[in-house]
Amino acid sequence: TDAVNIVVGALTSKDLLYLTKIAATLKLQVVASVTSETQIKLLTKLGGGIHALVMSNRDLETFGFDESGDQALLLLKSEAAREFKEKFDSVPILVEGRVGIIKQNDENGNPSSTAYVKALRDAGAVGAIVGSGIVADNKDAFIDVMSSLQNA
């Protein structure tokens, strides 16, 4: 199945509705990337046509990343995300933006990218969009992260 990624923060609500309708006409699945609760609320009001929701650690103004990973975690834990999940319980929620590179302290207090992935999974993410940077940085870390995603 083919899909199109729509960056919700770059569109007005009218444009978002228009593009999701065009995608449906073309039999494309819509993957919607969000960076704020306001954007999640907009998708919830849209009423459908979204096949996957991506919580992003990206800053749409600079195209940089939230290196702490807090942005995606807070979005996953937000009231807006809870309302979206209630309305669209079959839509998978993914995370993107430095997943596998961002580290959080594990249960022993050691920085670990696997601990961050676990926190994302515990907050409701079912997968991640991982860029080539993680593979280039550390292949062993990449394997650990992929394993922790599969063990969800």
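Reading guide: rules and limits
Residues numbered from 1 in each chain as written. Predicted model: local features only at pLDDT ≥ 70, side-chain atom pairs only at ≥ 80, totals over all residues. Heavy atoms only, no water. Helix = DSSP H or I, 4+ residues; strand = E, 2+ residues; numbered from the N terminus. Buried < 20%, exposed > 50% of the residue type's maximum accessible area, 1.4 Å probe, protein only. Contact = heavy atoms within 4.5 Å. Areas by Shrake-Rupley, 256 points an atom, 1.4 Å probe, with all protein chains shown as cover. Core = buried A, V, L, I, M, F, W, Y, C linked by side-chain atoms within 4.5 Å. Axes fitted to C-alpha atoms, helices over the stretch in contact; angles between N-to-C directions. Parallel < 35°, antiparallel > 145°, perpendicular 65-115°, else oblique. Left-handed = near helix turned anticlockwise from the far one by under 90°. Patch = residues over 30% accessible without salt bridge, like charges linked within 9 Å, V, L, I, M, F, W, Y side chains within 5 Å. Salt bridge = Lys/Arg side-chain N within 4 Å of Asp/Glu carboxyl O. Expected span 1.5 Å × (residues − 1). Arc of directions from axis to C-beta. Nonpolar A, V, L, I, M, F, W, Y, C, P; charged D, E, K, R; others polar.

*Asks:* So what exactly am I meant to see when it comes to the overall build of the protein here?
*Replies:* Assigned secondary structure in the protein consists of seven helices and seven strands. The buried share of the protein, reckoned over its 152 residues, is 38%. Considering only contacts within the protein whose residues lie at least 6 apart along the sequence, 63% involve residues at least 24 apart. In the structure as shown, the protein presents an accessible area of about 8,600 Å², 50% of it carried by carbon and sulfur atoms.

*Asks:* Would you explain the nonpolar core in this entry?
*Replies:* Note on soluble globular proteins: their nonpolar side chains tend to be buried together. Counting 31 residues, the largest nonpolar core has Leu43, Leu53, Met55, Leu76, Val95 and Leu120 as the members making the most contacts within it. For this core, the secondary-structure elements that each account for two or more residues are helix 1 (13–25), strand 2 (29–34), helix 2 (37–46), strand 3 (52–56), helix 3 (70–76), helix 4 (79–87), strand 4 (93–96) and helix 5 (113–122). With sequence-adjacent residues up to four places away left out, Met55 is seen in contact with Val34, Ile40, Ala72, Leu75, Leu76, Ala81, Ile93, Leu94, Val95 and Glu96.

*Asks:* Explanation requested: the packing of helix 2 against helix 4 in the structure shown.
*Replies:* Two elements in contact, helix 2 and helix 4, have axes whose closest approach is 8 Å; the angle formed by their N-to-C orientations is 20°. In terms of their interaxial angle, helix 2 and helix 4 are classed as roughly parallel. In this structure, the crossing between helix 2 and helix 4 has a hand that is left-handed. For the pair helix 2 and helix 4, contact is made by Glu37, Ile40, Lys41, Leu43 and Thr44 and by Glu79, Ala80, Ala81, Glu83, Phe84 and Lys87, respectively.

*Asks:* How should I be thinking about a nonpolar patch on the surface in this particular structure?
*Replies:* Residues Tyr18, Leu19, Ile22 and Leu26 make up a contiguous nonpolar surface patch of roughly 390 Å² in combined accessible area. Position of Tyr18 among the secondary structure elements: in helix 1.

*Asks:* Would you mind showing me how to read the pattern of salt bridges here?
*Replies:* Opposite charge on two side chains permits them to pair, given that their charged atoms come into close proximity. By the definition in use, this model includes three salt bridges. Among the ionic pairs, Glu79 bridges to Arg82, the shortest N-O distance being 2.2 Å. Of this pair, Glu79 and Arg82 both sit in helix 4, three residues apart, which is roughly one turn of that helix. Glu79 gets classed as partly exposed once you look at its relative accessible area, which sits at 40%. Notably, a salt bridge pairs Lys118 with Asp122, separated by 2.7 Å at the nearest N-O pair. In this pair, Lys118 and Asp122 are both assigned in helix 5, four residues apart and thus about one turn of the helix distant. Under the relative-accessibility criterion, Asp122 is labelled exposed at 55%.

*Asks:* Would you take a moment to explain the environment of Ala72 for this structure?
*Replies:* Mapping Ala72 onto the fold places it in helix 3. The class for Ala72 is buried, based on a relative accessible area of 0%. Distance in space between the C-alpha atoms of Ala72 and Thr35 is 7.6 Å, their sequence separation being 37 residues. If near-sequence neighbours (up to four positions away) are discounted, Ala72 is found in contact with Met55, Ser56, Asn57, Val95, Tyr116 and Leu120.

*Asks:* Looking at this structure, how should I read helix 1?
*Replies:* Along an α-helix, residues three or four positions apart point the same way, because every turn accommodates 3.6 residues. Taking 1.5 Å per residue, 13 residues should reach 18 Å; helix 1 reaches 19 Å between its end C-alpha atoms and fits that length. Along helix 1, the residues that are buried comprise Leu16, Thr20 and Ala23. Looking down the long axis of helix 1, one finds its buried residues gathered within 60° of arc, a one-sided arrangement. Among the exposed residues of helix 1, those pointing more than 90 degrees away from its buried face are Lys14, Tyr18, Lys21 and Thr25. On its buried face, helix 1 is in contact with strand 1 (3–7), strand 2 and helix 2.

*Asks:* Where do I start with the packing of helix 1 against helix 2 in this structure?
*Replies:* Between two packed helices, the angle of one axis relative to the other and the distance separating the axes together describe the packing. Remark: helix 1 packs on helix 2, axes separated minimally by 11 Å, with the N-to-C direction vectors making an angle of 50°. By the angle between their axes, helix 1 is oblique relative to helix 2. Between helix 1 and helix 2 the crossing geometry is right-handed. Contacts between helix 1 and helix 2 involve Ser13, Leu16, Leu17 and Thr20 from the first element and Leu42, Leu43 and Leu46 from the second. A breakdown of the residues in the contact of helix 1 with helix 2 according to their chemical character gives five nonpolar, two polar and no charged.

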